[in-house]
Amino acid sequence: FRSSAQVMAFVGAKGGCGATTLVTQLGALLANSYARKTLVVDVHPEFGDAALYLGLTKYRYHYLELLENTDRLDAELLQSFVMHHSSGLDLIPAPDGAEPTRSVLPGAVRQTFDFLRLRYEFILLDLGPGLTEGNLELIRYCDQLHIVTVAEVAALRNVVRQIDYLTKKEISPDRIRVVVNRHNKRGLITDEQIEKAIGQRVFWKVPNQYVQVMKTISAGDPVGQVSSSDVTKNLNEWAGAVGRKAKKESRGILGLWNR
């Protein structure tokens, strides 16, 4: 058996919606609670935070440098780019500062991720803000795009704009999933109003527990901190929904991967 990873991309409707938090926590839970070989790739062109959120602050190489070396990419070279988290999650970080403009060879993104797909079961992409050409290339490649929003007018307006733009770029609506982060059942904007505005069902709602999430980020340990919190239970349910389903489809063995 050789796995072919499911590639899931995450982009914020606007800054501060929590996409990086969800990517790192979901990835850590897939790796730790469900023993799934999982990789997070922080594809921010600069100032990526995924490494910081996982407490992995010392690294030599980043994602953009990996793209520049895709023509000589093998298992040994890959290991020099991958960081290992205590949860079992692997990470390829983004640059932690401003970077000069880089020229990436045509096809480098697809070639790199085709290589990574054969070595993991899940690849989670933390996209930079905006629907740039670089992000569009990754969105076309991935299996699902998760647009992470909060229940605020500006963010929801951006969700509508992003879906409209992606539809014009011939991205299938079936691959776009809207996630409401920091969800409050008694919020000023109701779930019905959100779904009417975006023109589709909300795929997942992550409860609002800002203080607990900040503790998790500060500790750099998504699975070790506040494990009984509603947020962790919620994300563990999400990880289980995709982790168990994919394992059953690929091997027909469900029981081995229960919590």
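Residues numbered from 1 in each chain as written. Predicted model: local features only at pLDDT ≥ 70, side-chain atom pairs only at ≥ 80, totals over all residues. Heavy atoms only, no water.

A.B. asks: Help me understand the overall build of the chain, please; the structure alone is not making it clear to me.
C.D. replies: Of regular secondary structure, the chain possesses ten helices and eight strands. Here the chain, with 259 residues, has 52% of them falling under the buried criterion. At a minimum sequence separation of 6, the contacts of the chain that also span at least 24 residues come to 78%. (Helix = DSSP H or I, 4+ residues; strand = E, 2+ residues; numbered from the N terminus. Buried < 20%, exposed > 50% of the residue type's maximum accessible area, 1.4 Å probe, protein only. Contact = heavy atoms within 4.5 Å.)

A.B. asks: Explain the sheet that holds strand β3 (residues 83–84) here, please?
C.D. replies: Two strands in a sheet stick together by hydrogen bonds in their backbones, pointing the same way (parallel) or opposite ways (antiparallel). If you walk across this open sheet you meet the eight strands as β3-β4-β2-β5-β1-β6-β7-β8, and the pairing is mixed. Two strands in the sheet have a free side with no partner beyond their single neighbour: β3 and β8 (204–207). Looking at chain direction, strand β7 (residues 176–183) and β8 are connected through three bridges and run parallel. From the neighbouring strand, H183 faces β8, where its bridge partner is P207. Packed on one face of the sheet, helix α7 (residues 153–168) meets β1 (6–12), β6 (144–149) and β7 and runs near 160° to β6. (Pairing = 2+ DSSP bridges. Axes fitted to C-alpha atoms, helices over the stretch in contact; angles between N-to-C directions.)

A.B. asks: How should I be thinking about the pattern of salt bridges in this particular structure?
C.D. replies: When the charged atoms of two side chains with opposite charge come close together, those side chains can pair. Counted under the stated rule, the structure contains five salt bridges. The salt bridge involving K14 is made with E152; its shortest N-O contact spans 3.7 Å. One end of the pair, K14, is in the loop between β1 and α1 (19–32); the other, E152, is in the loop between β6 and α7, with 138 residues separating them in the sequence. Taking the shortest distance from any N to any O, the salt bridge between D191 and K205 comes out at 2.9 Å. Here D191, found in helix α8 (residues 191–198), pairs with K205, found in strand β8; they are 14 residues apart in sequence, far enough to count as distant. Using a relative accessible area of 23% as the deciding quantity, one classes D191 as partly exposed. Look at K205 and you get partly exposed, because its relative accessible area is 31%. (Salt bridge = Lys/Arg side-chain N within 4 Å of Asp/Glu carboxyl O.)

A.B. asks: Whenever I open this one, the side chain of R117 confuses me. Can you help?
C.D. replies: By secondary structure assignment, the location of R117 is in helix α5 (residues 108–117). One polar contact links R117 to D143, side chain to side chain, over a distance of 3.4 Å. (Polar contact = N/O pair within 3.5 Å; in protein donor to acceptor, adjacent residues only side chain to side chain.)

A.B. asks: Mind showing me how you'd approach the packing of aromatic side chains here?
C.D. replies: Ring pairs (aromatic) are described by centroid distance and by the angle formed between their planes. Across all of its chains, the model carries seven aromatic pairs by this definition. By way of ring pairs, the aromatic residues F10, F203, W204 and W238 are connected into one cluster. Its guanidinium or amino end placed over the ring of F115, R119 lies 3.7 Å from that ring's centre, counting from NZ or CZ. (Phe/Tyr/Trp six-rings, centres within 6.5 Å; stacked < 30°, edge-to-face > 60°. Lys NZ or Arg CZ within 6 Å of the ring centre and 35° of its normal.)

A.B. asks: Help me out: how do you make sense of the confidence of the model for the chain in this one?
C.D. replies: Low-pLDDT stretches of the model should not have their predicted coordinates read in fine detail. When pLDDT is averaged along the chain, the result is 86; 85% of the residues meet or exceed 70. Predicted confidence for residues 250–259 stays below pLDDT 50, and this span has 19 contacts to residues more than four positions away or in other chains. (pLDDT = per-residue confidence, 0-100.)

A.B. asks: Whenever I open this one, the environment of G97 confuses me. Can you help?
C.D. replies: As for its placement among the helices and strands, G97 is situated in the loop between β4 (90–92) and α5. Taking the relative accessible area as the measure of exposure, G97 reaches 15% and is therefore buried. Sequence-wise, G97 and F47 are 50 residues apart; in three dimensions their C-alpha atoms are separated by 4.9 Å. Other than its neighbours up to four places away in sequence, G97 contacts E46 and F47.

A.B. asks: I would appreciate a short explanation of the environment of F47 in the present structure.
C.D. replies: Among the secondary structure elements, F47 is positioned in the loop between β2 (38–42) and α2 (50–53). For the pair F47 and P93, spaced 46 residues apart in the sequence, the C-alpha separation amounts to 9.9 Å. If sequence neighbours within four positions are ignored, F47 has contacts with P95, D96, G97 and A98.

A.B. asks: Honestly, the pairing of β6 in this entry has me stumped. Any pointers?
C.D. replies: The element β6 is largely enclosed, with a buried count of six among its six residues. The alternating pattern of β6 places Q144, H146 and V148 on one face and L145, I147 and T149 on the opposite face, and all of these are buried. As judged from the five bridges shared by β1 and β6, these two strands associate in the parallel manner. Note that in β6 the partner of V11 across the bridge is I147. Strand direction decides the pairing type here: β6 and β7, joined by five bridges, are parallel. By the bridge assignment for β7, H146 is matched with R177. In this region the chain leaves β6, passes through α7 and returns to the parallel neighbour β7; the handedness of that crossover is right-handed. (Right-handed = clockwise from strand over helix to strand, strands pointing away.)

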